[in-house]
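Chain residues, written in single-letter form:
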Amino acid sequence: MLTHTGPEDWRAANRAMWDERVPIHLASDYYDQDGFRRDRDVIRDFEAAEVGDVTGRTLLHLQCHIGQDTLSWAHRGAAHVVGLDFSEPAIEAARALAAEVGIGPDRATFLTADVYDAVAATGAPAAYDVVYTGLGALCWLPDIRRWAETAVSLVAPGGFLYLAEFHPLTDVLDDESASRVAYDYFSRDAWVDESPGTYTDFSAPTVHNRRVEWQHTLGDVVSALAAAGLRLEFLHEHDMTMFQRFGSLARGDDGYFRLPADRPRVPLMYSLKATRP
């Protein structure tokens, strides 16, 4: 069973938390809205290489937050991109950003909906050449099998799903040194936290702090996609991550965070591509 346990109000708690953090993220150096307005592209180098040329393709971004990644794919040539997120303030910000950078509704559409309701929200099953998701998305979902079935049903025949995510091993290691196993890799219990702040500013004053997250093993994710009918093309594991997840990480010249050079490496992110026959 891939459905995890958790409190009944998980969705409402998480939505309130994300809604409150949208303006904090919009003003942050992490998202650098001014830089995006100038460059219009925040896709990571490994993602660009693994997804490949999107020119003329349709792309759906599940759990798109404020739309920077979604609009980056439009900037890279996608014929039409759709961003979907359950936070109305995030979607409003994404629509505003699209207008600011001159990407009209004929090229980019943003929808407010829960990811599990994506088929009904888009009204377009099996319609997208690329379904794109990741980087901190799956931990907010209790049922990875339902997620996989939803995502796969949106991929057009011959299209693919691309996922880039933080490696589940990072949920197991101790928070400071990342040198020892401190938590249960196979836990299916919800992790409920009420810490203030956000990953763009850990000291930011916030009110809606209760959030509910779940761990998903690498095996669960891959098996769910396979069971939903996709063919795995690759699964890559990466020794870098996007932010200071552990106290021992250091930021390199390329902007990624890694363990010190004298430490044994462990995977901090992973990415996969799976195609629909």
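Residues numbered from 1 in each chain as written. Predicted model: local features only at pLDDT ≥ 70, side-chain atom pairs only at ≥ 80, totals over all residues. Heavy atoms only, no water.

A. View of the environment of A79. Its place among the elements puts A79 in the loop between helix 4 (68-75) and strand 2 (80-85). It is 5.6 Å that separates the C-alpha atoms of A79 and T58, two residues lying 21 residues apart in sequence. Ignoring any residue separated from it by four or fewer positions in sequence, one finds A79 in contact with V54, G56, R57, D106 and R107. (Helix = DSSP H or I, 4+ residues; strand = E, 2+ residues; numbered from the N terminus. Contact = heavy atoms within 4.5 Å.)

B. Expanded view of the pattern of salt bridges. The final tally for this structure, using the stated rule, is 18 salt bridges. R210 is the salt-bridge partner of D9, the closest N and O atoms lying 2.7 Å from each other. Remark: R210 occurs in the loop between strand 6 (191-193) and strand 7 (211-213) and D9 occurs in the segment before helix 1 (10-26); sequence separation between them is 201 residues. The class of D9 is partly exposed, set by a relative accessible area of 36%. (Salt bridge = Lys/Arg side-chain N within 4 Å of Asp/Glu carboxyl O. Buried < 20%, exposed > 50% of the residue type's maximum accessible area, 1.4 Å probe, protein only.)

C. Representation of the packing of helix 7 (residues 144-154) against helix 8 (residues 218-227). Relative to each other, helix 7 and helix 8 sit at 40°, their axes nearing to 8 Å. Looking at the two axes, helix 7 sits oblique to helix 8. Of the two elements, helix 7 crosses helix 8, and the hand of that crossing is right-handed. Side by side, helix 7 and helix 8 meet where I144, R145, W147, A148 and V152 of the first sit next to D220, V221, A224 and L225 of the second. The class makeup of the residues in the contact of helix 7 with helix 8 is seven nonpolar, no polar and two charged. (Axes fitted to C-alpha atoms, helices over the stretch in contact; angles between N-to-C directions. Parallel < 35°, antiparallel > 145°, perpendicular 65-115°, else oblique. Left-handed = near helix turned anticlockwise from the far one by under 90°. Nonpolar A, V, L, I, M, F, W, Y, C, P; charged D, E, K, R; others polar.)

D. Quick look at the nonpolar core. Ranked by internal contacts, the top residues of the largest apolar core, which has 33 residues, are L62, V131, W147, L161, V221 and L225. Those elements that place two or more of their residues in this core are strand 1 (58-62), strand 2, strand 4 (128-134), helix 7, strand 5 (155-166), helix 8 and strand 11 (269-275). If you tally residues by element for this core, the top one is helix 7, at six residues. In this structure, L225 is in contact with W147, A148, V152, L161, L230 and L272, ignoring residues within four places of it in sequence. In this structure, C64, A74, V81 and L97 belong to the second largest nonpolar core, which totals 31 residues. (Core = buried A, V, L, I, M, F, W, Y, C linked by side-chain atoms within 4.5 Å.)

E. Expanded view of the side chain of N14. Following the sequence through the fold, N14 ends up in helix 1. For N14, a relative accessible area of 1% corresponds to the buried category. Within the local environment of N14, its side chain forms a polar contact with the backbone nitrogen of V212, the two atoms lying 2.8 Å apart. Residues within four places of N14 in sequence aside, it is in contact with F86, W140, R210, R211 and V212. (Polar contact = N/O pair within 3.5 Å; in protein donor to acceptor, adjacent residues only side chain to side chain.)

F. A look at the packing of aromatic side chains. A full pass over the atoms with the stated rule returns 11 aromatic pairs. Aromatic pair W73 and Y132: ring centres 5.5 Å apart, planes at 70°, arrangement edge-to-face. Of the two residues, W73 sits in helix 4 while Y132 sits in strand 4, which places them 59 residues apart along the sequence. Look at Y132 and you get buried, because its relative accessible area is 2%. One aromatic cluster in this structure is built from W18, Y30, Y31, W140 and Y199. The ring of F160 carries K273 above its face, with NZ or CZ at 4.3 Å from the centroid. (Phe/Tyr/Trp six-rings, centres within 6.5 Å; stacked < 30°, edge-to-face > 60°. Lys NZ or Arg CZ within 6 Å of the ring centre and 35° of its normal.)

G. Structural context of the sheet that holds strand 11. In spatial order, the strands read 3-2-1-4-5-11-8; together these seven strands make up an open sheet with mixed pairing. In this open sheet, the two edge strands, each paired with only one partner strand, are strand 3 (108-112) and strand 8 (231-238). The mean angle between the axes of side-by-side strands here comes to 15°, regardless of whether they run parallel or antiparallel. Pairing of strand 2 with strand 3, which is carried by five bridges, proceeds in the parallel orientation. When the bridges of strand 3 are listed, V81 appears paired with A108. (Pairing = 2+ DSSP bridges.)

Bear in mind that shape data such as this cannot, by itself, settle questions of function.
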